[in-house]
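# Structure at a glance
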Amino acid sequence: MFETALRGSRRYWGLVVMLLVIIGLGFILYLWQLKVGLKITGMSRDVSWGFYIAQFTYLVGIAASAVMVVLPYYLHDYKAFGRITVLGEFLAVAAVSMCALFILVDLGKPVRIFNILLHPTFNSVMFWDMAVLSVYLLLNIVIGWTVLEAERNAAPPPKWVRPLIYLSIPWAPSIHIVTAFLYSGIPGRGFWLTAIMAPRFLSSAFASGPALLVLLALIIRRFTRFDPGREQIQTLAKIVAYCIIINVLFFLFEVFTVFYSQIPEHMRHFEYLLFGIAGHEKLVPWMWVSFVWMVLASVILVIPSARREHSILAAGCTFVIIATWIDKGIGLITGGFVPNPFDRITEYWPTVPEAIITLGIWAMGFFILAILYKIAISVKEEVVS
Amino acid sequence: MGDETKKVINALRETGFFKPQTIYDSRKVIIGIIILFGVVGFTFFYNMGKASKAPEPELTTPDIQGLPEAERVCVEPREYMKANHMRLLNEWRDQVVRRGKRDYVGFTKKKYTMSLQNTCLECHSNYDEFCSRCHQYSGITPYCWSCHVNKPKEWAAGKFKE
Amino acid sequence: MDINRREFLKRVGASALVGLLGGWEAVEILAPGQVEASYLQKPNALTAKRWAMVVDMSKMDQQTVENCIAACHHIHNVPDINDPRREIKWIWLEEFENAFPGQYQEHVARRFEGKPFLVLCNHCDNPPCVRVCPTKATWKREDGIVMMDQHRCIGCRYCMAACPFGSRSFNWMDPRPFIKKGYPEYPTREKGVVEKCNFCTERLAKGLMPACVEISKGALMFSDLAEPESGVREVLREHYTIRRKSHLGTNPQVYYVV
């Protein structure tokens, strides 16, 4: 089945080569980071997690969203989604791969990463994060590949796949809950110490993941002979609509709690993000754009006539993806660290090398996605004909 | 030729193993094989006849010479240290850092403080001629030295900044 | 011999596994033998059930603070990096409103104005940094000291996020070029690991008080909180003390007599 990835149009190979070039660039800069240290990033003693961890946090959400296609099909017999479960699963594989890479480039001593396995620490949420993400990666690649291969051979998938699929359904939200727990169990960071962190993560994930799937489905529709289906795309879009509305509501709930209670430990971080403090306002425009775009997307995606118009749908989904990326990425991480434990402000902005390494990893993710989707689409095109 | 060997050869002959085969692109294949042997063989032929003698670590530091003859002993016997100093240092690291034990009693029955830069390098104060000499020859770069000061006396005198 | 790709891969995989395990065992079996050795604590080591420190603000002044910081940073080869975003500090001074942000009020007692509060790792009894470390590179010793193993640290900086007191520093680059005067008896660190105050465990092991305590001329006191007659307990009985962010439940063990 892998040979289908080695045969493709000029456009396909052009995409692959372009991605490889970006990956190469990112890799070279990472070698420099290995040599010189993390000082080439914008992180500091006060903001000790930055762009890399922000991408990781966002991408765990994308990875978890595969459940939004798997659950309706396998648990509730929503037959329409049968066509695209593999697209969700393969997207999860690409996303988790990116997560692993972002963690790796963020580590001060990446060669020692196996210490987590050599000295497992069960009270550390990070240990569990690594464990559940690794299993999730395995689950999705095994399930996706096996079901796709069965489809290619016009046979039912082997029986042992089913329990794995049922396992992947609660496992998907678990990976994102554990990631939320990384933040919400720490006593000293008032921005993160909130029970709604996990629900916020989930709502954001289940909005952004399906939104990305919608965009990918529209692209596949346009450039290949496989049609994911109008109904499928519409259902995904409806999922995005309601999840982004919930995400906006959760954010407003947070805003109410911190500003009505006026407790500085929690409020100061929101102040910094939304209004700036003492002239430090780097993130203010970004947070407002994110919020406005989320609200706009909610409106667009909830109105059926707008949702059915694919160009408007694409715009709405793009808004969702970028808005959640800002909110869950840079907003979440920086907001937790600013102000610092001494109530001082050290702002954060990624440096150019940091951004290029980040881009390299995104390119790697899209590379994996391109290969896997090429295989999936080739098989589906084969089956149709 | 034994009976068994004859049986095997006959079996192979029956499968057509010895029949002449057609090699496709034979010129490319043969040139490729020659290049392969040339490249791999070069690594052997270049050094043929030349022996690269293993260096001897230098043991005559003023600190060692300053000790009476009977006391010029390491924490463990020479042969053991040659083969195991890495393991010993790892064990010392775990005992000191993780268990808070800092005294070591080995075959000499004397107590030593478990410290690479304060005990080992006290006698073996010639990092370049002792530690580095063999490590360079073997092509290994243990990164102990990026933290553990490998020339403590120079460091103290401010002479040596890595 | 008819063999398909799947079968071949299965056999290769199984052989590789057997080879790996066998090789591992062979290394262990053929490894040179062990030696009889014992590992002991130094006889004069200072021990305690729960080390704690008291900072007596009545005896604290700018010079003492500077002496404490200089002593600590010198004997631990803490680099002097001028960039506040990349600096490494084990012990430093803060003003009251920054050291105790939750207890600040606009009309603070006069005796606090401009007072140099020495801040360092609190070696909490319920340390969140220990809870989150994925490799136990940070752990709490039996005597209460929160210790770091720089050999094991993977530089994930989770502990830095978890510490409510900002006590931890990360080596964003190689620290050696920034070490003013090297101290030969203590190692330096590499880029990529976190570091913080270690309550001078290397000195305690030799029967010495922590460097900052020794040089503080009585402004810092360091003894066993679990001993009812110890110096620290005496001070806590007789004086009102505050701790940084005590409401968070980390149970910090640095007490400030104010």
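Residues numbered from 1 in each chain as written. Chains lettered and ligands numbered in written order. Predicted model: local features only at pLDDT ≥ 70, side-chain atom pairs only at ≥ 80, totals over all residues.

Each helix and strand in chain A was counted, giving 14 helices and 0 strands. Starting at the N terminus and walking to the C terminus, you meet the elements of chain A as α-α-α-α-α-α-α-α-α-α-α-α-α-α. A compact globule built from 385 residues would reach a C-alpha radius of gyration of about 21 Å, and chain A, at 21 Å, matches this within 12%. Overall, chain A is about 65 × 50 × 40 Å in size when its C-alpha atoms are taken along their principal axes. Across the 385 residues in chain A, those meeting the buried criterion constitute 48%. (Helix = DSSP H or I, 4+ residues; strand = E, 2+ residues; numbered from the N terminus. Rg over C-alpha atoms; globule rule 2.2 N^0.38 Å. Buried ≥ 20, exposed ≤ 12 C-beta atoms within 10 Å, placed from the backbone.)

Scanning chain B for helices and strands turns up 7 helices and 2 strands. Ordered by position in the sequence, the α and β elements of chain B form the string α-α-α-α-β-β-α-α-α. Out of the 162 residues in chain B, the part that is buried amounts to 15%. Counting contacts in chain B only where the partners sit at least 6 residues apart, residues at least 24 apart contribute 55% of the total. (Contact = placed C-beta atoms within 7 Å.)

So, on to the interface of chain B and chain C. Listed per partner, the contact involves 28 residues of chain B and 22 residues of chain C. Breaking the side of chain B that touches chain C down by element, the ones donating at least two residues are α4 (78–99), β1 (103–105), α5 (116–123) and α7 (152–156) of chain B. When residues of the side of chain B that touches chain C are assigned to their parent elements, the largest contribution, 7 residues, is made by α4(B). Tallied by class, residues from the side of chain B that touches chain C come to 11 nonpolar, 9 polar and 8 charged. When β1(B) meets strand β1 (residues 38–40) of chain C, the two strands line up antiparallel, connected through 3 bridges. Note that in β1(C) the partner of B:Y104 across the bridge is C:Y39. (Nonpolar A, V, L, I, M, F, W, Y, C, P; charged D, E, K, R; others polar. Pairing = 2+ DSSP bridges.)

Attention now moves to the packing of helix α4 (residues 85–106) of chain A against helix α8 (residues 197–223) of chain A. Residues and elements named next belong to chain A. Packing of α4 against α8 brings their axes to within 11 Å, and their N-to-C directions diverge by 115 degrees. For the crossing formed where α4 meets α8, the hand is right-handed. Of α8, the residues touching α4 (which contributes L87, G88 and L91) are L212, L213 and L216. Each residue belonging to the contact of α4 with α8 can be placed in one class, and the counts come to 5 nonpolar, 1 polar and no charged. (Axes fitted to C-alpha atoms, helices over the stretch in contact; angles between N-to-C directions. Left-handed = near helix turned anticlockwise from the far one by under 90°.)

Here we take up the interface of chain C and chain A. Tallying the contact residues gives 38 residues for chain C and 32 residues for chain A. Of all the secondary structure elements, the ones that give two or more residues to the side of chain C that touches chain A are α4 (128–132), α5 (158–162) and β7 (169–170) of chain C. Here the side of chain C that touches chain A gets 4 residues from one element, more than from any other, and that element is α5(C).

Residues and elements named next belong to chain C. The strand order across the open sheet built from 4 strands is β9-β2-β11-β10, with neighbouring strands paired in mixed fashion. Pairing within the sheet leaves two strands with one partner each, and these edge strands are β9 (220–224) and β10 (241–242). Sheet analysis places strand β2 (residues 51–56) next to β9, joined by 5 bridges and oriented antiparallel. Note on β9: the bridge partner recorded for W51 is D224. Each of β2, β9, β10 and β11 (254–257) touches helix α8 (residues 231–238); the most contacted strand, β9, lies at about 115 degrees to it.

The subject of this paragraph is the arrangement of the chains. For this structure, the chain pair with the highest number of contacts among 2 pairs of chains in contact is chains A and C. As for chain B relative to chain A, no contact occurs, and the smallest C-alpha gap between them is 12 Å.

For the rest of this paragraph, the subject is the sheet that holds strand β2 (residues 111–113) of chain B. Pairing is antiparallel across the open sheet formed by 3 strands, whose spatial order is β2(B)-β1(B)-β1(C). The open sheet has two free edges, formed respectively by β2 of chain B together with β1 of chain C, since each of these has just one partner strand. Here the average twist between neighbouring strands, direction ignored, is 30 degrees.

All names here are of chain A. Relative orientation of the contacting elements helix α9 (residues 230–261) and helix α10 (residues 264–274) amounts to 120 degrees, with a least axis distance of 8 Å. The orientation of α9 with respect to α10, classified from their angle, is oblique. The chirality of how α9 crosses α10 is left-handed. Across the interface between the two elements, V255, V258 and F259 from α9 touch H266, M267 and F270 from α10. Across the contact of α9 with α10, the residue classes tally to 5 nonpolar, 1 polar and no charged. (Parallel < 35°, antiparallel > 145°, perpendicular 65-115°, else oblique.)

For the rest of this paragraph, the subject is the nonpolar core. Grouped together as the largest cluster of nonpolar side chains are 174 residues, with contacts concentrated most on A:A63, A:L91, A:C99 and A:V240. The element that contributes the greatest number of residues to this core is α4(A), accounting for 15 residues. Excluding its chain neighbours within four sequence positions, the residues that come into contact with A:C99 are A:F56, A:L59, A:V60, A:A63 and A:L133. With 6 residues, the next largest nonpolar core counts B:V75, B:W92, B:Y104 and B:M114 among its residues. (Core = buried A, V, L, I, M, F, W, Y, C linked by C-beta atoms within 7 Å.)

Residues and elements named next belong to chain A. Locating M287 in the fold gives a position in helix α11 (residues 284–302). By C-beta crowding, M287 is classed as buried, having 24 other C-beta atoms within 10 Å. Along the chain, M287 and L91 lie 196 residues apart, while their C-alpha atoms are 27 Å from each other. Discounting chain neighbours no more than four positions away, the residues touching M287 are L273, L274 and G331.

So, about unusual backbone geometry. The residue after A:V338, namely A:P339, is reached through a cis peptide bond having omega -5 degrees. In this fold, A:P339 is placed in the loop between α13 (310–337) and α14 (352–384). The residue A:Q262 is not glycine, and still its phi comes out positive at about 65 degrees. Following the sequence through the fold, A:Q262 ends up in the loop between α9 and α10. Positioned with a positive phi, C:F199 is a non-glycine residue whose angle comes to about 50 degrees. Checked against the element boundaries, C:F199 lands in the loop between β8 (194–195) and α6 (201–204).

Moving on: helix α2 (residues 62–75) of chain C. Residue and element names in this part refer to chain C. Taking 1.5 Å of rise per residue, 14 residues should cover 20 Å, and α2 covers 20 Å from first to last C-alpha, within 8% of that figure. What α2 keeps buried is the set V65, C68, I69, C72 and H73. All buried residues of α2 project into a common sector of 115 degrees when viewed along the axis, lining one side. Facing away from the buried side of α2 by over 90 degrees, the exposed positions are Q63 and E66. Considering only its buried residues, α2 is in contact with β3 (91–94), β4 (117–120), α7 (211–215) and β9. (Expected span 1.5 Å × (residues − 1). Arc of directions from axis to C-beta.)

Glancing now at the confidence of the model for chain B. All names here are of chain B. Per-residue pLDDT for chain B averages 88, and the proportion of residues at 70 or more is 98%. Considering each helix and strand of chain B separately, the mean pLDDT is smallest for α7, with a value of 85, and largest for β1, with 95. We note a pTM of 0.90 for the whole complex and an ipTM of 0.94 for its interfaces. (pLDDT = per-residue confidence, 0-100.)

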